[in-house]
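These are the residues of each chain, in order.
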2 protein chains.
Amino acid sequence: MRTLNVALGERAYPIRIGRGLLDDPTLITPYLKKPRVVVVTNDVVAPLYLQRLTEALSAAGVTVAATVLPDGEAHKNWETLNLVFDDLLRSRCERSTTLIALGGGVVGDMGGFAAATYQRGMPFIQVPTTLLSQVDSSVGGKTAINHPLGKNMIGAFYQPRLVLADVDTLDTLPDRELSAGLAEVIKYGLIRDPDFFLWLEQNIERLRARETDALEYAIERSCANKAEVVVADETEQGVRALLNLGHTFGHAIEAGMGYGAWLHGEAVAAGTLMAAELSRRLGWLSTTDVARIEDIHRRAGLPAHGPELPVDRYLDLMASDKKVEGGRLRLVLLETIGRAVIHDGASVADISAAIRARGQ
Amino acid sequence: MRTLNVALGERAYPIRIGRGLLDDPTLITPYLKKPRVVVVTNDVVAPLYLQRLTEALSAAGVTVAATVLPDGEAHKNWETLNLVFDDLLRSRCERSTTLIALGGGVVGDMGGFAAATYQRGMPFIQVPTTLLSQVDSSVGGKTAINHPLGKNMIGAFYQPRLVLADVDTLDTLPDRELSAGLAEVIKYGLIRDPDFFLWLEQNIERLRARETDALEYAIERSCANKAEVVVADETEQGVRALLNLGHTFGHAIEAGMGYGAWLHGEAVAAGTLMAAELSRRLGWLSTTDVARIEDIHRRAGLPAHGPELPVDRYLDLMASDKKVEGGRLRLVLLETIGRAVIHDGASVADISAAIRARGQ
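Treat the numbers as computed from the prediction; the structure is a model and nothing was measured.

Draft legend 1. Highlighting the interface of chain B and chain A. Between chain B and chain A, the contact holds 41 residues from the first and 41 residues from the second. Summed over both partners, the interface of chain B with chain A buries about 3,500 Å², with 51% contributed by carbon and sulfur atoms. The largest share of the area that chain B buries against chain A comes from B:Trp78, B:Arg95 and B:Arg120, three residues that together contribute 23% of it. Seen at the junction of chain B and chain A, the total is two salt bridges. The residue A:Arg92 makes a salt bridge to B:Asp316 at a minimum N-O spacing of 3.1 Å. Taken together, the connections running from chain B to chain A amount to ten residue pairs in polar contact (both at pLDDT 80 or more). Those elements that provide at least two residues to the side of chain B that touches chain A are α2 (78-90), α3 (105-117), β7 (142-147), β8 (150-157), α11 (311-319) and β10 (324-325) of chain B. Partitioned by chemical class, the residues of the side of chain B that touches chain A number 15 nonpolar, 13 polar and 13 charged.

Set out below in structure tokens:
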């Protein structure tokens, strides 16, 4: 088991990475205020892992209840969140009860937001079961639900007390979702870790084959990169925005196609290629750089082009994204492979050309 | 103008108390990140004060939009909150836009929760227009909405950047609401400030007559008391719970009668008399103490008895309040006038007897 510490002062917490973690309640019990937990999960993950987690905790004397949500980004909304509140209130959970989010990014986002707001805050533990959530959404305390007018528009910064990334859970992950997780892994190499990008160019097939060593290393290194950024800028006033490489384009794809049609990682992959293309047009990346970025995405099983969506629709959706300041679009672009910058000087013509170059 | 500082470290903020504050934009503009604000108010307050605030800010070069909510505790729910999110998103407000809550406790709670969660947090200013919100809900960062199964069950701790308590706005406050505010003023005397309780016994009629000096003094002293408690315990892990004197009984009254039938302050007044009666039964307060407490409430225009509601209904509603730990009811009781304690040892029989003694 590998352990990484997210050094957020009094909100510091450990991330544990390894196999068999779900079966070891002693990893969890030291972080409970009272021996009572509510597990928030979904109807895909529950049949696979809920019983294992429940039995392990029950054997350790912890009272366990569960709320099973419908699976999918399309359900990341107030109505579904209210199922959690209804259960918490009906079973009269106290604010000393701990909420455990068992599932992917949607479960983590909703479970985290429920924990952040139920009785103004209850303790929270993340047990991410997808590669995407293990390397990205479980680190950094961002929680949210979607609004019909925008993704992640309602949420909170709320740190978990513990993250357990059990690599076992990746064994049942569909190939498409594994690839979607790799999009965020590749991102860390692109924005701030050129050595990791080189490692990924050499090892991407080992990750797709789910080799334990490779997965544990990639998860740890991704989380370490994210944790460093989050510690430097917990509430995204500055450098944390660099983590959004490809996300402004990507969010437009997700919203434009209807949440759930494209996986978040797939949209980020296509968005990253758009950001790379725009960076090339600004004279920062070479054609070779863009080809390397396209190549690693293809080998990871990810799309290198966006869906059929009019450029105007992209621009409109991007304008309502959170990354707008003073009416100018602030984009994360690449100065080189391994170094990202925030740039608000790209012309609409260049942005449109980059979208078109990477459109269907 | 009086100024009080709430010393919450990097979340510190000033409370300004006086007349004519709404007309002076220089009190507000130093606290804006960008010259753009959204005022959240309700359909009772808007006709009275929205134009004044808007004109003052506009003259200072601030872009002002407004969201007018229906008035009343019955609307403190997700559906109404969503009107704020809809407006913020439709007008593409950025997270650098400041939300100003102009109104009473409900507007402050909802505006604050909207600010806490819109794009995971936007700057927030409170302009409380009722005595209750000036002395209580605008200080301390508690924000929330109600859930059908419980009051204030979904919320966040989120501090404003500034509180402007303009005493002018009390001139239009109905007598009944002024009295409701006095319930919380009296509370500070009872739980931690015996000298202030004596002052109130001498000056309660001056407050009901809305004499400026008396109001400013009572607001400042109330806020100072609350601020001291909040600074000692921002997220209510300990002493902050003392502020809930009368509230567990009071919340049962509000929920049991249907939100809005009893004003919050009226319910707290009746609840405080129940807590006083229970404190007498435990041998802490004398009969004379209870009579003094009843007298000041009556002179403040407040009920000294609860509504017709079965004792079992009280107990059931109180059990689902947030003040339950380990299944035992934690009540705020009075050791003496001026000193409150948290007590979880009262028997159901004694609690029931206290409710009955102060029932209709």
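Draft legend 2. Layout of the confidence of the model for chain A. Considering every residue of chain A, the mean pLDDT works out to 94; 98% of them sit at 70 or more. The ipTM for the predicted assembly is 0.87, set against a pTM of 0.88.

Draft legend 3. Broad picture of the nonpolar core. B:Ile15, B:Leu207, B:Phe249, B:Met318, B:Ile351 and B:Ile355 are the most contacted members of the largest nonpolar core, which has 75 residues in total. Apart from the residues within four sequence positions on either side, B:Ile15 is in contact with B:Arg2, B:Thr3, B:Leu4, B:Val6, B:Val139, B:Val163 and B:Cys223. Ranked by size, the runner-up nonpolar core spans 74 residues in total, among them A:Ile17, A:Val163, A:Leu182 and A:Leu242.

Draft legend 4. Inspection of the sheet that holds strand β2 (residues 13-18) of chain B at higher detail. All names here are of chain B. With respect to topology, seven strands assemble into an open sheet ordered β1-β2-β9-β6-β5-β3-β4, the strand pairing being mixed. With partners counted over all chains shown, the strands left at the sheet margins are β1 (2-6) and β4 (63-69), one partner each. Within this sheet the neighbouring strands show an average axis-to-axis angle of 20 degrees, counted without direction. Pairing of strand β3 (residues 36-42) with β4 involves seven bridges; the strand directions are parallel. Residue pairing for β4: Val-39 is matched across the bridge by Ala-66. Relative to β4, α2 is tilted by about 155 degrees, and along the sheet it contacts β3, β4 and β5 (98-103).

Draft legend 5. Seen up close, the packing of helix α5 (residues 175-192) of chain B against helix α7 (residues 212-232) of chain B. Residues and elements named next belong to chain B. Put simply, α5 and α7 touch, their axes get as near as 9 Å, and they point 50 degrees apart. With respect to α7, the axis of α5 lies oblique. Our pair here, α5 against α7, has a crossing hand that is left-handed. In this structure, α5 uses Val-185, Tyr-188 and Arg-192 to contact α7, whose residues at the interface are Ala-218, Ser-222, Asn-225, Lys-226, Glu-228 and Val-229. In terms of residue class, the contact of α5 with α7 is made up of four nonpolar, two polar and three charged.

Draft legend 6. Structural view of the relation of the copies chain B and chain A. Least-squares fitting of chain B to chain A yields an RMSD of 0.0 Å, with the transformation described by 0.0 Å of translation along the axis and a rotation of 180 degrees. Taken together, the rotation and translation describe the operation of a two-fold axis. Interface residue correspondence from chain B to chain A reaches 100%, placing this contact among same-surface, isologous pairings.

Draft legend 7. Summary view of the side chain of A:Asn42. All names here are of chain A. As for its placement among the helices and strands, Asn-42 is situated in strand β3 (residues 36-42). Judged by relative accessible area, Asn-42 falls into the buried class, the value being 5%. Within the structure, Asn-42 has its side chain in polar contact with the backbone nitrogen of Val-44 (distance 2.9 Å). Side-chain polar atoms of Asn-42 contact the side chain of Asp-71, separated by 3.0 Å. Those residues within four positions of Asn-42 in sequence are excluded, and the remaining contacts are Pro-47, Val-68, Leu-69, Pro-70, Asp-71, Leu-102 and Val-107.

Draft legend 8. Local environment of the sheet that holds strand β2 (residues 13-18) of chain A. Residue and element names in this part refer to chain A. Across the sheet, seven strands lie side by side as β1-β2-β9-β6-β5-β3-β4; this open sheet has mixed pairing. Both outer strands of the open sheet, β1 (2-6) and β4 (63-69), are each paired with one neighbouring strand and no more. On average, adjacent strands in this sheet sit at an angle of 20 degrees to one another, irrespective of strand direction. Across the sheet, helix α3 (residues 105-117) touches β3, β4, β5 (98-103) and β6 (124-128), and the angle it forms with β5 is around 170 degrees.

Draft legend 9. Molecular detail of helix α1 (residues 46-59) of chain A. All names here are of chain A. Look at α1: 19 Å from first C-alpha to last across 14 residues, which is about the 20 Å you get at 1.5 Å a residue. Every buried residue of α1 is accounted for by Ala-46, Tyr-49, Leu-50, Leu-53, Ala-56 and Leu-57. The buried residues of α1 occupy one face: seen down the axis, they fall within an arc of 145 degrees. Opposite the packed face of α1, turned more than 90 degrees from it, sit the exposed residues Pro-47, Gln-51 and Ala-59.

Draft legend 10. Molecular detail of α7(B). Taking 1.5 Å of rise per residue, 21 residues should cover 30 Å, and α7(B) covers 30 Å from first to last C-alpha, within 8% of that figure. All buried positions along α7(B) are accounted for by B:Ala214, B:Leu215, B:Glu216, B:Ala218, B:Ile219, B:Ser222, B:Cys223, B:Asn225, B:Lys226, B:Ala227, B:Val229 and B:Val230.

Draft legend 11. Seen up close, the pattern of salt bridges. One pass over the structure, following the stated rule, counts 56 salt bridges over all chains. Its salt-bridge partner being B:Arg11, residue B:Glu234 comes within 2.5 Å of it at the nearest N-O pair. Of this pair, B:Glu234 sits in the loop between α7 and α8 (247-257) while B:Arg11 sits in the loop between β1 and β2, placing them 223 residues apart in sequence. The closest approach of N and O atoms between B:Arg206 and B:Glu211, which form a salt bridge, is 2.7 Å. Judged by relative accessible area, which is 28%, B:Arg206 ranks as partly exposed. When salt bridges with common partners are traced through the structure, they connect A:Arg19, A:Asp23, A:Arg52, A:Asp168 and A:Asp171 into a single cluster.

Cut-offs and rules
Residues numbered from 1 in each chain as written. Chains lettered and ligands numbered in written order. Predicted model: local features only at pLDDT ≥ 70, side-chain atom pairs only at ≥ 80, totals over all residues. Heavy atoms only, no water. Contact = heavy atoms within 4.5 Å. Buried area = accessible area lost by both parts, 1.4 Å probe. Salt bridge = Lys/Arg side-chain N within 4 Å of Asp/Glu carboxyl O. Polar contact = N/O pair within 3.5 Å; in protein donor to acceptor, adjacent residues only side chain to side chain. Helix = DSSP H or I, 4+ residues; strand = E, 2+ residues; numbered from the N terminus. Nonpolar A, V, L, I, M, F, W, Y, C, P; charged D, E, K, R; others polar. pLDDT = per-residue confidence, 0-100. Core = buried A, V, L, I, M, F, W, Y, C linked by side-chain atoms within 4.5 Å. Buried < 20%, exposed > 50% of the residue type's maximum accessible area, 1.4 Å probe, protein only. Pairing = 2+ DSSP bridges. Axes fitted to C-alpha atoms, helices over the stretch in contact; angles between N-to-C directions. Parallel < 35°, antiparallel > 145°, perpendicular 65-115°, else oblique. Left-handed = near helix turned anticlockwise from the far one by under 90°. Least-squares fit on C-alpha atoms with pLDDT ≥ 70 in both. Expected span 1.5 Å × (residues − 1). Arc of directions from axis to C-beta.

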